[in-house]
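Chain by chain, the residues run as shown.
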Amino acid sequence: MAIQTKFKQIVKKLSSTDLYNRAKGIDQLRKSLHKDVYLDSLIYLLEAAGKSFPNSLEDWDDGSYHLVGFCSEYPHSELVKPIEKNFERYSERAKLQALYLLITIKTDEARDTYICIIEKYSKQYELGIDVAYIFEETEWAPKLVKKFIPLLKDENLNDSIFHMMLLCLRNSGVKLSLTSEEKNLIIEQIKRNYQSKRVSYLSYDKDYSLQFVYQAWKESYAMIRSEMGIYLQLMQYFYDDEMQAFLLEALQFKDAYLKVDAVISLLERGYNVSREIIESCAYNIEACVWFYTRLSESSKEHFYKINEEIQHSFVKNRFFHYLVDHDEFGVVPDEIEVVKRHDTTNYYGQEVTYYLVKFKSQRDDWAEKGWMAGYVGAYLTEQIPSPKMFEDTITTFTSWNQLTEVEHIQQLEQFNKDDYAKHDSEVILESKPNWHYGTFVLGFITAVRTWTSFSNNDPIYFLLLTLLWGVFLFKVYATIKLRKEAKVILKRRQLTLIKSNESTTIDLHKIYRMTIELRKWRKNEGKNAAYQLKVKYLVFYDKDENEILSIPSTFINTSQLMAEIQMLTNHLVEQPIIDIYENDLSA
């Protein structure tokens, strides 16, 4: 398979000494995304990314990065070797992108190449390990941890390796087989790293306050807290007297997250933590949900009673984090009070619970507003007490005294409804039927036959040519008519199929199962524009296994549509099931 000419032209532009030409090359590359790309073209781009490009002071002007980034949209096992071959010549950003591509490819060969690159170049370049992405997208983590243990002394990598180790150990389905020598190295390095992080943390502990954490220290403190948490959690798996001393000291830390991590590690080792400390974690406005989550992971929820009072702590915690991350407010509230519980039914017919709260801040630009109203939810009523919720938390910063409690609830509910209505009208995905490749082939044959007819006087030949033109023009007309009359539209809560003068709409939450089936063409769905008797349909069923909608695969990219539906329904208790087998894909 040949290299597509347009990519050779793009590489030429990216290598140009003229900045404008390089910008045009990047733009042309972006416009080529999500279009047909030959494998040979991708290999060519990965090799070209290792060539030298003009130096530039502009961040966006990195030809190597853009070429590797483009290939990242098309992960394929054949791309592993070109990455390994050219990695050292990639730009700094392109190197990180190449590692991301290897993770996306997911094969054993990609994993082994990833390991090889980290081992070979980690001291030469700053190569970060994307721990969360590796753990979420692959089964590599145990193998990587085992291979990277000798790299634990590398200051640039050890925090990431320990983070990956922690995720493996916290996941009950993942086991690490460690030798006594490896365990000793791990224990020694945990202590050394923790002591270093501890010194950094203690410089903050004396003046610790939520206002500092989420404002003045926002940039500098988050990383220290995260790294300290990793080591405090690891101590339960590599426990000894010195680790216990570290954990007991952490119970006195002012940072609630670190205190929670220390409490859980001690509980896991059978240490009797005082009721006072457990309750301080359970009712902490910043970290109570984290405490409940960690207890749940360890099946230790019984260490404190989950009741309506604890539910109020969950509510305050959610509203606290909503406010500190709010674009307009963005500060730590001085007080939050839960005022009223409100049970209702949501769009999906589920019984849900919201909580009316009031809050205030003493900061100069907010103090004069006094108490303001907020609305926290939605929690599934049958699951309360629980921190799990659908995200509908809202505030309009309305003064508390301006309205009654009922009026506050009505106002905030209406605000949510208006916001949903605005987003519900947005089109997520829209598609028309595709042109069939057979029409292009037929057009080419018709053109060739017409050209050769000038030297042929056979009347039968002209009759056949006329019939060929007739078939071709009919297919073109049928396709244009179909594309004009048919359309698939996906919105936030609904999927619509339009064909001819008919329109069928289904609610996404009513989809129980999605599957692909090979069927005969139905009326007004493209039979006249097609060349095969059967076509793959994406079929939707409800909970009673009744078909509620079916869409020909020629109307839309079925994989993309299913992926979008999954994302739009991931908040539901019962998400649509994707039921596809290999034989469904053979048409």
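Rules and cut-offs
Residues numbered from 1 in each chain as written. Predicted model: local features only at pLDDT ≥ 70, side-chain atom pairs only at ≥ 80, totals over all residues. Heavy atoms only, no water. Helix = DSSP H or I, 4+ residues; strand = E, 2+ residues; numbered from the N terminus. Contact = heavy atoms within 4.5 Å. Areas by Shrake-Rupley, 256 points an atom, 1.4 Å probe, with all protein chains shown as cover. pLDDT = per-residue confidence, 0-100. Pairing = 2+ DSSP bridges. Axes fitted to C-alpha atoms, helices over the stretch in contact; angles between N-to-C directions. Parallel < 35°, antiparallel > 145°, perpendicular 65-115°, else oblique. Left-handed = near helix turned anticlockwise from the far one by under 90°. Nonpolar A, V, L, I, M, F, W, Y, C, P; charged D, E, K, R; others polar. Salt bridge = Lys/Arg side-chain N within 4 Å of Asp/Glu carboxyl O. Buried < 20%, exposed > 50% of the residue type's maximum accessible area, 1.4 Å probe, protein only.

## Quick notes on the overall build of the protein chain
Step number 1: Tallying secondary structure elements over the protein chain gives 23 helices and eleven strands in all.
Step number 2: If you line up the protein chain on its principal axes, its C-alpha atoms span 100 × 65 × 50 Å.
Step number 3: Contacts in the protein chain between residues far apart in sequence, at least 24 positions, make up 65% of those at least 6 positions apart.
Step number 4: Total accessible area computed for the protein chain in this model is approximately 31,000 Å², and 49% of it derives from carbon and sulfur atoms.

## Here's the deal with the confidence of the model for the protein chain
Step number 1: Chain-level statistics for the protein chain give a pLDDT mean of 91 and a share of 98% at 70 or above.
Step number 2: Confidence over residues 581–587 falls short of pLDDT 50; this stretch has ten contacts with residues more than four positions distant or in other chains.

## Quick word on the pairing of strand E6 (residues 494–499)
Step number 1: In this sheet, E6 lies alongside strand E5 (residues 487–491) in antiparallel orientation, the contact comprising four bridges. Paired with Ile489 across the two strands is Thr496, which belongs to E6.
Step number 2: Where E6 and strand E7 (residues 502–507) come together, six bridges link them in antiparallel fashion. Within E7, the position partnered with Leu497 by the bridge is Thr504.
Step number 3: Linkage of E6 to E7, two consecutive antiparallel strands, is achieved through a turn of two residues, within which Ser500 is found at a positive phi near 55°.

## Considerations on the sheet that holds strand E3 (residues 372–380)
Step number 1: Strand order in the open sheet made by the three strands is E1-E2-E3, with antiparallel pairing throughout. One side of each edge strand has no neighbouring strand; the edge strands of this open sheet are strand E1 (335–345) and E3. Ignoring strand direction, the axes of neighbouring strands in this sheet form an average angle of 25°.
Step number 2: As defined by bridge partners, strand E2 (residues 351–360) adjoins E3 across seven bridges and the pair is classed as antiparallel.

## Some details on the environment of Asn501
Step number 1: Turning to its location among the elements, Asn501 is positioned in the loop between E6 and E7.
Step number 2: Distance from Asn501 to Glu485, taken between C-alpha atoms, is 7.6 Å for residues 16 residues apart in sequence.

## Quick look at the packing of helix H7 (residues 108–121) against helix H9 (residues 141–148)
Step number 1: As a packed pair, H7 and H9 sit with axes 11 Å apart at the nearest point and diverge in direction by 30°. Compared by their axis directions, H7 and H9 come out roughly parallel. When the axes of H7 and H9 are compared, the crossing they make is right-handed. Only Lys143, Leu144, Lys147 and Phe148 of H9 make contact with H7, whose side of the interface consists of Arg111, Tyr114, Ile115, Ile118 and Glu119.
Step number 2: The residue inventory of the contact of H7 with H9, partitioned by class, reads five nonpolar, no polar and four charged.

## Details of the pattern of salt bridges
Two side chains that carry opposite charge are able to pair once their charged atoms sit near each other.
Step number 1: A full pass over the atoms with the stated rule returns 35 salt bridges.
Step number 2: Lys191 is paired through a salt bridge with Glu242; the nearest N and O atoms lie 3.2 Å apart. With a gap of 51 residues between them, Lys191 in helix H11 (residues 180–205) and Glu242 in helix H14 (residues 241–250) connect regions that are remote in the sequence.
Step number 3: A salt bridge links Arg225 to Asp255; the shortest N-O distance between them is 2.9 Å. Of the two residues, Arg225 sits in helix H13 (residues 218–234) while Asp255 sits in the loop between H14 and helix H15 (256–268), which places them 30 residues apart along the sequence.
Step number 4: Taking the relative accessible area as the measure of exposure, Arg225 reaches 14% and is therefore buried.
Step number 5: Linked by salt bridges that have partners in common, Lys499, Glu517, Arg519, Arg522, Glu525 and Glu547 make up one network.

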